[in-house]
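Report on the structure
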Amino acid sequence: MKAICVSRTGGPEVLQLAEVPAPPAKAAEAVVKIQVAGVNSIDAQFRDGRLRIPLPFIPGQEGAGVVSAVGPRVKTVRPGDRVVWSGTLGSYAEYIAIPEEHLVPIPASITDEQATASMVHGLTAHYLVNDAHKLKAGETALIHAAAGGVGLLLVQLARAAGARVIGTVSSDEKAQLAREAGADDVIVFTRQDFEAEVNRLTAGKGADVVYDGVGKATFERNLNVMRLRGMLVLYGMSSGAVPPVDPAKLSEKGSLYMARTTLAHFTATREELLARTSDLFRMITHGELQLLIAKKYSLAEAPQAHQDMEARKLSGKFLLLTQMMTVFIWLLSLLALGTGRTLAQGIDRPKPPRANIPIFSMSFHEKNGYRPLSGFTSIAPTHQCTGAGIVFFSPQVVVKPVHLVPHGGSILVLQAQTRLPPLEVNEGGGIRAIHPKLPNHENIESLIPSSQNLFVLARDRGNDVLYELSLEDGNMLRKFEVQRDGPVVACVRDNEFVSFERRRSGLVLLTGIAETVSNPSSTEINRLEFADQGQLRLRE
Amino acid sequence: MKAIQVQTPGGPESLELVDLPVPQPKANEVVVKLSASGVNFIDVYFREGRYKSPLPFVVGQEGAGVVTAVGSDVNSVSVGDRVAWTGLQGSYAEYAAVAADRVVPIPAGVTDQQAAAAMLQGMTAHYLSHDTYPLKRGETALIHAAAGGVGLLLVQMAHNLGARIIATVSTEEKAKLAREAGADEVILYSQADFEVETRRLTDGKGVHVVYDSVGKTTFEKGLNVLRPRGMMVLFGGSSGAVPPVDLIVLSQKGSLYVTRPTLQAYIASREELVARSAAVFAMMASGKLKLRIEHTYPLTEVQRAHRDLEARKTTGKLLLIP
């Protein structure tokens, strides 16, 4: 297989593409075909020898891909499962062997790129806001490097927690990004003194918490911008190590707290790791957390990726697409430019990725009519609305949706009057009804698009039935009987899953909830059985 | 009135009994006739000149008594009220003028002597266990110098909060006191290594929080007995100042937290001062918190009081009775 090997420490040039044997799976390990590897600053520290490791080695701490083989003792994953990991060296490669307990299943609604970007950066932002200092509504947080990889996510999560966010950044471009992520105030530290600014912005009170991944350059002044009994969380030292701190300083500056945290202590148990990732995946799926991809590279371009990361000009996540040739990535970039998005700009939307559809506007039902939801002029593609919602496709067409499902460049709409046909609305504003040719005119309860076809969950004389329809003409291709109790999981592509769950309001589509399925790669959908997830079987 | 003054900083002999005029209240002050004045280590530091105060000065940071006069702007306190305070210089005297917004009312059920004894140490134990690291039921705390003035109160409060307490003390006698106060485990640090013992007592997991007023001799090892994400609360340095801390050590030992709190930061607002003192007084009145007043001295014996305190033979509170 191809992999990046480091046989001597040094600059980006020591990242050499090499042909090495693919790793075998040991007893409790899985071999993963890597699709995406994340590039992190710690990789550069291993590369140049600031962090020591025996040579030669394959760098890269995190990535995502598909399980291709498992050792005999592996129980939780199977070939074909999509998984993501962090903290395992050797990810700049086509294949990697990883202990199964380090693997996190990727739900269907999350892309490999999103999953990778959620790991080191996402998990760090998550523990900082939820645990290192449990941020409360109304608190003020100072976030250094607010447009950095962790910073942009931290700003969003801090805002979601209800905090006031003051960010520091190095340039006006980054200030814009930090603002878009939700920062209330942004300090461009290259021309403004953040100490004076924070004290001005907080009327001299100071911040409740400072999240600092910068270290040396900011540490001393942090102590002057914190309120009495404030908390300084130092989670990185990108500007260099902070000299030893006299504890007396903490009392002099107002009985301050100080912590020096690392991600490993906040993902120490598997439960904690899974709880954090599932929380992040949920927020990404619902459009509550936006991931910014700085740039994508082929494996061979790893030196360039390191150079760009260390130049600190681009914000967001650097990724290696390990199975792609350089030329394809260029093509993808060109295509993205063509649609008005560059890979270096714009927040990456939830899967399926696409911009919001601007012709949609939305309002919510009130007693006497419909109240436009302020600022809601477009629908985030994964937004689900209840029957109370209403969608204006154009001034002429008004539809009450039960739910909206993203699909490629369009949105599928299941109408509240479920005997009406589902609609496909595309980005250009075109609307097309999909007339399902179902045997008994059942009520449709959920829509689940697959790559070519459409699954609909319908109620047939009191029984739940899953149909696979052709998206083109609505013809029924297959029919499945669905067990009444428990969530139901359907395989919509080779190894992507969706499920739907019975709730009080009816059946609700939950993409990406399914985590374990039995051997999906080797079976057709009509033979899938899910011991813990309910049963799905073909009715001939 | 009689008062204890320091003219030249130095040993206990520099504490001089002098005659001074009874102070008059400024607009925002009250004058209190003292019933009791607490003797604290901070008084020793001021006496020695380690902490600076303009000379000469009347010693003493804490007291309780009855208001005899109030300034023109004072509305919250009246003549005849029983009040207590801490953190204001001048309580080794028959009368003291103190800022009205820093005195707290003493409720019925608490004597003046008890109130004077509780202000500094009681409120310190309270903020440490309730705010700096709010102890939860089932958590484990390591408390150094558990038979000391703050220590015994901290052990009782931590016990009442449902925490498991591992205490360190220097002698068998003090071990007994710590156990009576509610310590679950007591380590005689003169006989056993507290790091090894604490690890053993927690099955290698470590403790959630270390309350450390000893400093230099205990700090490093204290970091070794914290569980990941645990907190070191350094609130004094009786063995000397802790040298600067390398932050990498904090991450290597488990994403640890360090704080160096002072009482002043936890009674900074009038609301917090009143609420905290009331909470401590309520614990005393209900019998949940037992204060040991070990010895009372007349003002004339102040030098002996300081000698006794510095000899570290005392385990309870020392009071001067003017």
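Here, every reference points to the structure presented above.
Just so it is clear, the model here is predicted, and its values are computed rather than measured. (Residues numbered from 1 in each chain as written. Chains lettered and ligands numbered in written order. Predicted model: local features only at pLDDT ≥ 70, side-chain atom pairs only at ≥ 80, totals over all residues. Heavy atoms only, no water.)

A look at the overall build of chain A
Which entries qualify depends on this criterion: Elements are defined by DSSP. Helices are runs of H or I of four residues or more, strands are runs of E of two residues or more, and each kind is numbered from the N terminus. When a residue's accessible area, from a 1.4 Å probe over protein chains only, is under 20% of the maximum for its type it is buried; when over 50% it is exposed; and in between it is partly exposed. What makes two residues a contact is simply this: any of their non-hydrogen atoms within 4.5 Å. Residue burial considers only the protein chains on display, and all accessible areas are found by Shrake-Rupley using a 1.4 Å probe.
A count of helical and extended segments in chain A gives 10 helices and 32 strands. Sorting the 540 residues of chain A into buried and exposed places 54% on the buried side. A separation threshold of at least 6 residues defines the contact pool for chain A, and within that pool the share at least 24 residues apart is 59%. Carbon and sulfur atoms make up 52% of the accessible area of chain A, which amounts to about 22900 Å² in all.

A few points about the packing of aromatic side chains
All names here are of chain B. Rules: Pairing of aromatic side chains requires ring centres within 6.5 Å, counting the rings of Phe and Tyr and the six-membered ring of Trp. Pairs whose planes differ by under 30 degrees are stacked, by over 60 edge-to-face, and all others tilted.
Throughout the structure, instances matching the rule amount to eight aromatic pairs over all chains. With centroids separated by 4.3 Å and ring planes inclined at 15°, the aromatic side chains of tyrosine 127 and tyrosine 266 adopt a geometry described as stacked. One end of the pair, tyrosine 127, is in helix H2 (residues 112-132); the other, tyrosine 266, is in helix H8 (residues 263-266), with 139 residues separating them in the sequence.

Structural notes on the interface of chain B and chain A
Test applied: In short, buried area is how much 1.4 Å probe accessible area vanishes from two parts on joining, totalled over both. Definition used for salt bridges: Asp or Glu carboxyl oxygen within 4 Å of a side-chain nitrogen of Lys or Arg. Polar contacts, as counted here, are pairs of nitrogen or oxygen atoms within 3.5 Å of one another; within protein the pair requires one atom able to donate a hydrogen and one able to accept it, and residues that are adjacent in sequence qualify only if both atoms are side-chain atoms. Here the nonpolar group is Ala, Val, Leu, Ile, Met, Phe, Trp, Tyr, Cys and Pro; Asp, Glu, Lys and Arg are the charged ones; every other residue, Gly included, is treated as polar.
Between chain B and chain A, the residue contacts involve 30 residues of the former and 29 residues of the latter. Counting the surface lost from both chain B and chain A, the interface buries some 2300 Å², and carbon and sulfur atoms represent 60% of this. Three residues, Arg229, Leu247 and Tyr257 of chain B, lead the burial of chain B against chain A; their summed loss comes to 30% of the area buried on that side. Inspection of the chain B/chain A interface yields three salt bridges. Here chain B and chain A share 15 residue pairs in polar contact (both at pLDDT 80 or more) between them. For the side of chain B that touches chain A, the secondary structure elements donating two or more residues are H2, strand S13 (226-234), helix H7 (247-252), strand S14 (257-259), H8 and helix H9 (270-285) of chain B. Considered class by class, the residues forming the side of chain B that touches chain A number 18 nonpolar, six polar and six charged.

Focus on the environment of valine 14 of chain A
Residue and element names in this part refer to chain A. Structurally, valine 14 is set in the loop between strand S1 (2-5) and strand S2 (16-19). Residue classification places valine 14 among the buried positions, given a relative accessible area of 2%. Along the primary structure valine 14 and aspartate 48 are separated by 34 residues, whereas in three dimensions their C-alpha atoms are 8.7 Å apart. Excluding residues within four positions of it along the chain, valine 14 makes contact with Cys5, Val6, Arg8, Thr9 and Arg47.

Description of the pattern of salt bridges
Across all of its chains, the model carries 37 salt bridges over all chains by this definition. The partner of arginine 304 of chain B in a salt bridge is aspartate 308 of chain B, and the shortest N-O contact between them spans 3.9 Å. Pair noted here: arginine 304 of chain B and aspartate 308 of chain B are both in helix H10 (residues 302-310), with a separation of four residues, about one helical turn. Given the relative accessible area of 38%, arginine 304 of chain B is considered partly exposed. Judged by relative accessible area, aspartate 308 of chain B falls into the partly exposed class, the value being 24%. Three or more residues are tied together by salt bridges with common partners; here these are Asp131, Glu272 and Arg276 of chain A together with Arg229 of chain B.

Structural notes on the sheet that holds S13 of chain B
Note the following rule: DSSP-based pairing: two strands are paired if at least 2 bridges between them are found. What counts as an axis is a line fitted to C-alpha atoms, over the stretch in contact for a helix, and the angles between N-to-C directions run from 0 to 180 degrees.
Sheet architecture is open: 12 strands sit in the order S10(A)-S9(A)-S8(A)-S11(A)-S12(A)-S13(A)-S14(B)-S13(B)-S12(B)-S9(B)-S10(B)-S11(B), paired in mixed fashion. Whereas interior strands pair on both sides, the edge strands pair on one side only; in this sheet they are strand S10 (185-188) of chain A together with strand S11 (185-188) of chain B. When strand polarity is set aside, the average angle formed by the axes of neighbouring strands in this sheet is 15°. Against the sheet, helix H5 (residues 194-201) of chain B engages strand S9 (140-143), strand S10 (164-169), S11, strand S12 (207-212) and S13 of chain B, with an angle of about 160° to S11 of chain B.

Describing the packing of helix H3 (residues 149-160) of chain A against helix H4 (residues 172-181) of chain A
All names here are of chain A. As a reminder, the rule being used: The crossing is said to be left-handed when, going from far helix to near helix, the turn is anticlockwise and less than a right angle, and right-handed when the turn is clockwise.
Running from N to C, H3 and H4 point in directions that differ by 30°, and their axes come no closer than 8 Å. Crossing of H3 against H4: the hand is right-handed. Packed against H3, whose contacting residues are Leu152, Val155 and Gln156, the element H4 presents Leu177, Ala178 and Ala181 at the interface. Classifying every residue of the contact of H3 with H4 by side-chain character gives five nonpolar, one polar and no charged.

A closer look at the pairing of strand S5 (residues 82-86) of chain A
Residues and elements named next belong to chain A. With respect to burial, S5 is a largely interior element, five of its five residues being buried. Of the two faces of S5, the one holding Arg82, Val84 and Ser86 and the one holding Val83 and Trp85 are both buried throughout. Summarising the sheet, strand S4 (residues 62-70) and S5 pair through five bridges and their orientation is antiparallel. Paired with glycine 63 across the strands is tryptophan 85, a residue of S5. Here two bridges tie S5 to strand S7 (residues 104-105), and the two strands are oriented antiparallel to one another.

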